[in-house]
Amino acid sequence: MDDGFLMEVCVDSVESAVNAERGGAGRIELCAGLVEGGTTPSMGLLQVVKQCVRVPVFVMIRPRGGDFLYSDREVEVMKADIRLAKLHGADGLVFGALTEDGRIDTELCTALLAVCRPLPVTFHRAFDMVHDPLVALETLISLGFERVLTSGCDSSALEGLSLIKRLAEQVTSSARFYDIGFFPPGGGITERNLQRILEGSTASEFHCSARSARDSGMKFRNPNVAMGASFSAPEYSIKVADVAKVRTLNAIAKNIL
């Protein structure tokens, strides 16, 4: 925490992690598969990132893209990944799980939290898919999550700002609540809208990717083959956290808070 706020940058590579720290990020969320909203990173990536940065690294625990309704075997994978992430130096964990009717899966979350402890845990943007966000928030507070990442159940934090503010007020009024970092807005945060989001949400943390596209160093290129689905990123363009963007967002937040 610096000057009353904290900037968390989600990254999927060592280069992005280093750039995020250089730009002033106070925490890193380490993922794979950002095109799917983030999945569990490899333990090799975690190990090398931990060697290269000094800020806390929170590890995404999400065995696949798609919904947040998990099978028994997927749950076993999540538990194994949590244990491995702790073993390899994770400073915190990030996960979310829902029932088929769009409520917080309290049984599963309780079991996963037990495996995560004593590390702090963030409930990720699975929150944005719940049936009733106000009820879901009370459930997460009672379960003991340290923070909840949300775009206000909308396409971006700016569009969901009114709900984020309402949720933040609900958190503040809870006698059980003590962590001012509980409710960082995230989703679509840029230099153009950060001021409005922070002023409108009274947040003390925010979450972003701050990425730019960088052209691949490949000289020979085959335009007829793609390694993923048609909606995936181009093969010869790499998105990485941009030091200048991180610094700019940091400066905007410091100015406000």
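Residues numbered from 1 in each chain as written. Predicted model: local features only at pLDDT ≥ 70, side-chain atom pairs only at ≥ 80, totals over all residues. Heavy atoms only, no water.

- By the naming in an unreviewed UniProt entry, the chain is Copper homeostasis protein cutC homolog, taken from Chaetops frenatus.
- The Function (unreviewed entry) field of the UniProt record for the chain holds the comment "May play a role in copper homeostasis. Can bind one Cu(1+) per subunit."
- We quote the UniProt Sequence similarities (unreviewed entry) comment for the chain here in full: "Belongs to the CutC family." (UniProt positions renumbered as here; feature names shortened; annotations may be inferred.)

### A closer look at the pairing of strand β4 (residues 92–95)
Next, step 1: A two-sided burial pattern is seen for β4, the buried positions comprising Gly92 and Val94 on one face and Leu93 and Phe95 on the other.
Next, step 2: Here strand β3 (residues 57–60) pairs with β4 via three bridges, running parallel. Bridge pairing in β4 places phenylalanine 58 opposite glycine 92.
Next, step 3: In terms of handedness, the path from β3 via helix α3 (residues 72–87) over to β4 forms a crossover that is right-handed.
Next, step 4: Of the pairings in the sheet, the one linking β4 to strand β5 (residues 121–123) comprises three bridges and is parallel in character. The partner of valine 94 across the bridge, within β5, is threonine 122.
Next, step 5: Once the chain exits β4 it traverses helix α4 (residues 106–116) before rejoining the sheet at β5, and the crossover so formed is right-handed. (Buried < 20%, exposed > 50% of the residue type's maximum accessible area, 1.4 Å probe, protein only. Helix = DSSP H or I, 4+ residues; strand = E, 2+ residues; numbered from the N terminus. Pairing = 2+ DSSP bridges. Right-handed = clockwise from strand over helix to strand, strands pointing away.)

### With respect to the side chain of aspartate 81
Next, step 1: Along the chain, the position of aspartate 81 falls in helix α3.
Next, step 2: Buried aspartate 81, no salt bridge; nearest opposite-charge side chain is arginine 83, N-O distance 9.4 Å.
Next, step 3: Other than its neighbours up to four places away in sequence, aspartate 81 contacts Thr40 and Ile61. (Lys, Arg positive; Asp, Glu negative; His and termini not counted. Salt bridge = Lys/Arg side-chain N within 4 Å of Asp/Glu carboxyl O. Contact = heavy atoms within 4.5 Å.)

### Here's the deal with the side chain of histidine 207
Next, step 1: The topology assignment puts histidine 207 in strand β7 (residues 205–208).
Next, step 2: On the accessibility criterion, histidine 207 (6% relative accessible area) is buried.
Next, step 3: Reaching out from histidine 207, the side chain makes a polar contact with the side chain of glutamate 8 at a distance of 2.5 Å. (Polar contact = N/O pair within 3.5 Å; in protein donor to acceptor, adjacent residues only side chain to side chain.)

### Focus on the confidence of the model for the chain
Next, step 1: In this model, the chain carries a mean pLDDT of 87, and residues with pLDDT of at least 70 account for 89%.
Next, step 2: The model gives residues 175–183 a pLDDT under 50, and that stretch makes 27 contacts with residues more than four places away or in other chains. (pLDDT = per-residue confidence, 0-100.)

### Digging into the pattern of salt bridges
Next, step 1: If you walk through the whole model with that rule in mind, you get 11 salt bridges.
Next, step 2: Across the pair arginine 27 and glutamate 205 runs a salt bridge, and its minimum N-O distance is 2.7 Å. Within this pair, whereas arginine 27 is found in strand β2 (residues 27–30), its partner glutamate 205 is found in strand β7, the two being separated by 178 residues in sequence.
Next, step 3: You can call arginine 27 buried: its relative accessible area is 5%.
Next, step 4: Linked by salt bridges that have partners in common, Glu8, Arg27, Arg147 and Glu205 make up one network.

### Some details on the packing of α3 against α4
Next, step 1: With their axes 9 Å apart at the nearest point, α3 and α4 run at an angle of 20° to one another. Taken together, the axes of α3 and α4 are roughly parallel relative to one another. Crossing of α3 against α4: the hand is right-handed. Across the interface between the two elements, Val75, Met78, Lys79, Ile82, Arg83 and Lys86 of α3 pack against Leu108, Ala111, Leu112, Val115 and Cys116 of α4.
Next, step 2: A per-class count over the contact of α3 with α4 returns eight nonpolar, no polar and three charged. (Axes fitted to C-alpha atoms, helices over the stretch in contact; angles between N-to-C directions. Parallel < 35°, antiparallel > 145°, perpendicular 65-115°, else oblique. Left-handed = near helix turned anticlockwise from the far one by under 90°. Nonpolar A, V, L, I, M, F, W, Y, C, P; charged D, E, K, R; others polar.)

### Quick word on the environment of serine 237
Next, step 1: By secondary structure assignment, the location of serine 237 is in strand β9 (residues 237–241).
Next, step 2: Separated by 25 residues in sequence, serine 237 and serine 212 have C-alpha atoms that sit 9.8 Å apart.

### Examining the nonpolar core
Next, step 1: In this structure, Phe95, Phe123 and Phe206 are the most contacted members of the largest nonpolar core, which totals 66 residues.
Next, step 2: By residue number, the principal contributor to this core is α4, which donates six residues.
Next, step 3: Contacts of phenylalanine 95, omitting those with residues within four sequence positions, involve Ile61, Cys109, Leu112, Leu113, Cys116, Val121, Thr122, Phe123, His124 and Phe145.
Next, step 4: Within the second largest apolar cluster, six residues are counted, among which are Cys10, Cys31, Phe58 and Val94. (Core = buried A, V, L, I, M, F, W, Y, C linked by side-chain atoms within 4.5 Å.)

### Points about helix α2 (residues 43–52)
Structural remark: α-helix, 3.6 residues per turn; residues separated by three or four positions point the same way.
Next, step 1: Looking only at α2, the buried set comprises Met43, Leu45, Leu46 and Val49. The arc that holds the buried residues of α2, viewed along the axis, is 150°, so those residues lie on one side.
Next, step 2: Each element contacted by the buried residues of α2 is listed here: α1 (14–23), β2, β3 and α3. (Arc of directions from axis to C-beta.)

### A closer look at helix α7 (residues 194–201)
Next, step 1: Every buried residue of α7 is listed here: Leu194, Ile197, Leu198, Gly200 and Ser201.
Next, step 2: Where α7 terminates, the next one or two residues include threonine 202, which has phi positive at roughly 55°.

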